[in-house]
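Residues per chain, in single letters:
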Amino acid sequence: MAQRKVYNKLIRDRIPEIIRAQGRLPAYRVLKADEFRDALKLKLMEEAHELLKAEDPAAVINEVCDVMEVLEAVCAEYGLNADDISETKINKKKDRGGFAKRLFLEYVE
């Protein structure tokens, strides 16, 4: 008898098809809009944690791609466009800087 593994997480669109091709039966549902937004945010955290654990360049690339895919879905779900995001990013970098100096704040007195 096959063992059931519970995931309870957002998955990519083709995952059910891939699972079926492996001879297994996926149980999934389509999320409502509010559930989807929450699930996207949790998925972003999941992918960010996986990026944190990645050590070699190939693994880093793979995890960065996953983070970017989730971010693209977040943008689409919230109706954000690339121009608005780019403008906000530029303004924020101008106001607060980037990360080129590798600064690490230890404490403030």
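Residues numbered from 1 in each chain as written. Predicted model: local features only at pLDDT ≥ 70, side-chain atom pairs only at ≥ 80, totals over all residues. Heavy atoms only, no water.

This next bit is on the overall build of the protein. Summing up its helical and strand segments, the protein has four helices and zero strands in all. The order of α-helices and β-strands along the protein, N terminus first, is α-α-α-α. Over its C-alpha trace the protein gives a radius of gyration of 18 Å, far above what one expects of a compact globule, namely 13 Å for 109 residues. When its C-alpha atoms are laid out on the principal axes, the protein stretches across 60 × 35 × 30 Å. Looking at the 109 residues of the protein, the share that counts as buried comes to 12%. If you take every contact in the protein between residues at least 6 apart in sequence, the share linking residues at least 24 apart comes to 48%. Charge-centre separation for the protein: the mean point of 20 positive side chains lies 3 Å from the mean point of 21 negative side chains. (Helix = DSSP H or I, 4+ residues; strand = E, 2+ residues; numbered from the N terminus. Rg over C-alpha atoms; globule rule 2.2 N^0.38 Å. Buried < 20%, exposed > 50% of the residue type's maximum accessible area, 1.4 Å probe, protein only. Contact = heavy atoms within 4.5 Å. Lys, Arg positive; Asp, Glu negative; His and termini not counted. Charge placed at Lys NZ, Arg CZ, Asp CG, Glu CD.)

Packed helices, taken two at a time, are described by the angle their axes make and the gap between the axes. Closest axis-to-axis distance for the helix 2 (residues 33–53)/helix 3 (residues 57–78) pair is 9 Å, and the angle between their directions is 160°. Relative to helix 3, the element helix 2 is oriented roughly antiparallel. With respect to the hand of their crossing, helix 2 and helix 3 are arranged in left-handed fashion. Residues A33, F36, R37, L40, K41, K43, L44, E47, A48, E50 and L51 of helix 2 pack against V60, E63, V64, D66, V67, V70, L71, A73, V74, E77 and Y78 of helix 3. (Axes fitted to C-alpha atoms, helices over the stretch in contact; angles between N-to-C directions. Parallel < 35°, antiparallel > 145°, perpendicular 65-115°, else oblique. Left-handed = near helix turned anticlockwise from the far one by under 90°.)

Time to look at the packing of aromatic side chains. For the coordinates displayed, the defined rule picks out zero aromatic pairs. The ring of Y78 carries R37 above its face, with NZ or CZ at 4.0 Å from the centroid. (Phe/Tyr/Trp six-rings, centres within 6.5 Å; stacked < 30°, edge-to-face > 60°. Lys NZ or Arg CZ within 6 Å of the ring centre and 35° of its normal.)

With that out of the way, let us pick up the confidence of the model for the protein. Residue-level pLDDT values for the protein average 96, and 99% of them are 70 or greater. Across the protein, element-level confidence peaks in helix 2 with a mean pLDDT of 98 and bottoms out in helix 4 (residues 82–96) with 96. (pLDDT = per-residue confidence, 0-100.)

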